[in-house]
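Residues per chain are reported as follows:
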Number of protein chains: 4
Amino acid sequence: MTEIILRSNQLKFHKETFEKTTEDRRQKVLEVAIDAFALNGYNATSINDIAKNAGISIGAMYSYFASKEDLFLTIINNAYFLMEEILNEVKESSRDIYDCVERMLSASREFSFQYPKLNQLYLDLTTQALAPLAVRLSSKLERITPRMLCDFIKAGVEEGIVNDKADKSVMAYCIDNIFMLYQFSLSSDYYKERLKIFIGEEKVSEVKDLEKGIVSFIRAALEVK
Amino acid sequence: MTEIILRSNQLKFHKETFEKTTEDRRQKVLEVAIDAFALNGYNATSINDIAKNAGISIGAMYSYFASKEDLFLTIINNAYFLMEEILNEVKESSRDIYDCVERMLSASREFSFQYPKLNQLYLDLTTQALAPLAVRLSSKLERITPRMLCDFIKAGVEEGIVNDKADKSVMAYCIDNIFMLYQFSLSSDYYKERLKIFIGEEKVSEVKDLEKGIVSFIRAALEVK
Amino acid sequence: MTEIILRSNQLKFHKETFEKTTEDRRQKVLEVAIDAFALNGYNATSINDIAKNAGISIGAMYSYFASKEDLFLTIINNAYFLMEEILNEVKESSRDIYDCVERMLSASREFSFQYPKLNQLYLDLTTQALAPLAVRLSSKLERITPRMLCDFIKAGVEEGIVNDKADKSVMAYCIDNIFMLYQFSLSSDYYKERLKIFIGEEKVSEVKDLEKGIVSFIRAALEVK
Amino acid sequence: MTEIILRSNQLKFHKETFEKTTEDRRQKVLEVAIDAFALNGYNATSINDIAKNAGISIGAMYSYFASKEDLFLTIINNAYFLMEEILNEVKESSRDIYDCVERMLSASREFSFQYPKLNQLYLDLTTQALAPLAVRLSSKLERITPRMLCDFIKAGVEEGIVNDKADKSVMAYCIDNIFMLYQFSLSSDYYKERLKIFIGEEKVSEVKDLEKGIVSFIRAALEVK
DNA sequence: TATGAATGAGTGTTCATTCAT
DNA sequence: CATGAATGAACACTCATTCAT
């Protein structure tokens, strides 16, 4: 997996100490923790095992994070930061909603290939059982995409390149539903399997084609007739 | 919650004994188990607690199900059976793809209101950590919708009421992505919250409007220009 | 140590299961727990060790008691019950306050010799750190002696065999202070040592003499001049 | 709480370095440690927490004291020193045993109000679990009062103001039992509660009356008829 | 068949102490 | 001399599963 850099935005779930250890340790802890959480899910993952596999003492682990919860949230928060950066880039570089849709799909794909585990973690977080954890992050959750999509759609309507048949925010919601599950389809076994059932085992590897299909579906949904 | 009836299709994860107990016991066990699994997730749920809350002995529990896993799968399998029935009804009664889309949304909504917990369980199952469980069900997973949607779309193209811009199976996939997250949006806290962010807190209660919006989004995506 | 019988008065800190195991197990658990708590104090005692030494699984331990706290309180509560019985016997059989004082001293001595560990536990409980535990027992704490002593003193004053120089409840308090530390002096190392310093190493074994001295001290304090 | 001054008599449980730091640090460490030990008891108190709350590093802590035990003993030793000073003052200024008894009670009360925590610590130390610690202090324990009381009583007998009914050392022992628990009654919750049960909630605040009662109890016990 | 007591490996977390800087 | 990161055994407690009754 690509190197994970520890980012702190507004939220911070690790202790200061974690910023002070060596880069190697930090890397190893995050990497091992991501693997473990992604593989077994939050509840079935043992923080003692993570420590062991990262080659550090459990005491050290607890000097970096106040709790298992905080370790998990540190990782998720990091993942959000990563995704945010990508989304901001997409936003800046997109001419219009159609351009944006294309770039979003590419971004989703690249993120999924680079960090498949992070997507699995994210799926876990959306689970009802982890709602109490999600709450601690809620300020950051899903803020960017809705606004971005809505803004582009609104602009498109004004420019006359997007129809105004459906409520603009519903359009955004539909598009994002497609994106979100597409992203899961590239990283989580269940949704991978589901994708296969829809488009056939052999076509799964040709993601570019799939994306083209999705783009033209969305384009058709938005275009003025 | 509406009464759950124990159905056995091809798959069966309970022991014979479970079919032989009284209806009351069976009901109570399933009901309590669904509540517990939905609230805490598979891993954080204790089968001992379920037995206690259902008023039966843990020994009885293990005479009905070989393991915690099997209890969980029994429930999920049942839920699939329920969903299948609904889908088959939709399939039978729909004139064309547009009719089908509308009916699917209603069906999703009704299912989510009647069995919100089952949806939460299903979300759990799609999680990477539960992939080993999902595998045991794979023969049943997600078989109906893809075929149904594809068939209606194909028919629509032949009738000239659906464009052939995008690959038909991709169309089906996009539509189902929208459905699936819509269903989660009605039953799982995380996705409820996400929906609010898209369409605003005040509009969440007016689901009919939302569904109309979704329908017209999909209609636009499919229609011939 | 003399056999401990599980008594339940109003208060009960064990689970039903504990009443259902074999007498042997019950005995062994209580015996081992008393030894451990007495030796190391509440906080430094490991409930896992107790289970190990009692030859039962830790799971069984927790099926008998909801927590370490409850195990401790079960023992203390039992000890109170024992002490209460003795005190009631003293009360019933005493002619007057002077008789009562003598019997109390004997009773204290016998209790201390029979159950030295219980006295050590009790001392622990009076510690500030265990105040939260003591609170859970407060309804039972120290209720009998004050009333008994006061009643006998009052009767003595009326009969003209006790002076009324000091407040009667203060008299009772002073007498009980003497009793209480006498009891500790017979069971807890610290207070044993202290007693030695007062009356000399050689005289410690002749408790009867000591008791005579205490009796005549108290008698002098109460008698009418 | 009144300032604690670090005293070294014969015994010393801290390292030289502790004498060399600033007065402020020394104060803060002792103050925080006393609070913590008094509140939670020796075993449940974390030396890391003490360091943190005192604003010093755990490393510094261990440069001042070789172990948690030594920190505790330093405090206890200090407390003894304090108590010794008071006792010596009482001894010097008392005319006879009756005078001494009165002064002792006042001294106990004043000490309890000024250093309630130290009394709680002392109670902890008398616990069986801390016997190994108490042993390290044994040379200092309880040496003064027995001798002082015995001497005054002996003098009283010679002067003819004290009866010789009971063994003089037993008299001293009884008197000190009363003192000791009186002191606990003013500082430790358990014994506070016990006092209330004896003399009633409303009278607890009027300690002067209580002390008068105790004095006249002891006076009656000693006086020649 | 139903019961529920029993098991014991495993959980998240704490803390006295060490030692490189 | 002071710092505080690091250690890891130990803790209270949980829970899927077994099995004698």
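The sections below set out a description of the structure shown in this document. The structure displayed is predicted, hence computed values, not measured ones.

What counts and how
- Residues numbered from 1 in each chain as written.
- Chains lettered and ligands numbered in written order.
- Predicted model: local features only at pLDDT ≥ 70, side-chain atom pairs only at ≥ 80, totals over all residues.
- Heavy atoms only, no water.
- Least-squares fit on C-alpha atoms with pLDDT ≥ 70 in both.
- Contact = heavy atoms within 4.5 Å.
- Near = heavy atom within 4 Å.
- Polar contact = N/O pair within 3.5 Å; in protein donor to acceptor, adjacent residues only side chain to side chain.
- Helix = DSSP H or I, 4+ residues; strand = E, 2+ residues; numbered from the N terminus.
- Nonpolar A, V, L, I, M, F, W, Y, C, P; charged D, E, K, R; others polar.
- Phe/Tyr/Trp six-rings, centres within 6.5 Å; stacked < 30°, edge-to-face > 60°.
- Buried < 20%, exposed > 50% of the residue type's maximum accessible area, 1.4 Å probe, protein only.
- Buried area = accessible area lost by both parts, 1.4 Å probe.
- Salt bridge = Lys/Arg side-chain N within 4 Å of Asp/Glu carboxyl O.

Attention now moves to the relation of the copies chain A and chain B. Superposition of chain A onto chain B requires a rotation of 179° combined with a translation of 0.0 Å along the rotation axis, giving an RMSD of 0.2 Å. What the rotation and shift describe, once combined, is the action of a two-fold rotation axis. Taking C-alpha positions as reference, the residue of chain A nearest the rotation axis is Ala-221 of chain A, located at 1.7 Å. Most of the interface of chain A is mirrored in chain B, where 100% of its interface residues again form contacts.

A few words on the protein's contact with DNA strand E. Of all residues adjacent to DNA strand E, which total 35 residues, the nearest are Tyr-62 and Lys-68 of chain A, Gly-59 and Tyr-64 of chain C together with Ile-47 of chain D. Close to the protein, within 4 Å, the atoms of DNA strand E are drawn from sugar and phosphate at a rate of 58%. The separation between a phosphate oxygen of DNA strand E and a polar main-chain atom of Thr-45 of chain A is 2.8 Å. Lys-68 of chain D places a polar side-chain atom, nitrogen or oxygen, 2.9 Å from a phosphate oxygen of DNA strand E. Those elements that provide at least two residues to the surface near DNA strand E are helix H3 (47-54) and helix H4 (58-64) of chain A, helix H4 (58-64) of chain B, helix H1 (16-20) and helix H4 (58-64) of chain C together with helix H3 (47-54) and helix H4 (58-64) of chain D. Among the elements that line the surface near DNA strand E, the one with the most residues is H4 of chain B, at five residues. Classifying every residue of the surface near DNA strand E by side-chain character gives twelve nonpolar, 18 polar and five charged.

Bringing the packing of aromatic side chains into the picture now. This structure, assessed with the given rule, holds 53 aromatic pairs over all chains. Taking 5.0 Å as the distance between ring centres and 65° as the angle between the ring planes, the aromatic pair formed by Tyr-42 of chain D and Phe-72 of chain D counts as edge-to-face. Here Tyr-42 of chain D is found in the loop between helix H2 (23-40) and H3, whereas its partner Phe-72 of chain D is found in helix H5 (residues 68-93), with 30 residues between them in sequence. Residue Tyr-42 of chain D shares its accessibility class with Phe-72 of chain D, and that shared class is buried. Taken together, a centroid distance of 6.5 Å and an interplanar angle of 85° make the contact between Tyr-64 of chain D and Phe-65 of chain D edge-to-face. Of the residues examined, Tyr-64 of chain D reaches a relative accessible area of 5% and is grouped as buried. With relative accessibility at 1%, the residue Phe-65 of chain D sits in the buried group. By way of ring pairs, the aromatic residues Tyr-80, Tyr-122, Phe-184, Tyr-190 and Tyr-191 of chain A together with Tyr-80, Tyr-122, Phe-184, Tyr-190 and Tyr-191 of chain B are connected into one cluster.

Between chain C and chain D, the residue contacts involve 60 residues of the former and 60 residues of the latter. Between chain C and chain D lies a buried interface of about 5200 Å² when both sides are counted; carbon and sulfur atoms form 65% of it. Three residues stand out in chain C for area buried against chain D, namely Tyr-173, Tyr-190 and Phe-198 of chain C, and they jointly supply 17% of the buried area on that side. Within the residue set of the side of chain C that touches chain D, elements represented by two or more residues are helix H2 (23-40), helix H7 (116-125), helix H10 (168-185), helix H11 (189-199) and helix H12 (207-222) of chain C. With 15 residues, H10 of chain C is the single largest residue contributor to the side of chain C that touches chain D.

What follows is about the interface of chain A and chain B. Of the residues lining the interface, 60 residues belong to chain A; the matching set on chain B comes to 60 residues. When chain A packs against chain B, the two sides together hide about 5100 Å² of surface, and 65% of this comes from carbon and sulfur. The three residues of chain A that bury the most area against chain B are Tyr-173, Tyr-190 and Phe-198 of chain A, which together make up 17% of that side's buried surface. Where chain A meets chain B, there are six salt bridges. Among the salt bridges present, the one from Glu-223 of chain A reaches Lys-165 of chain B, with a minimum N-O distance of 3.7 Å.

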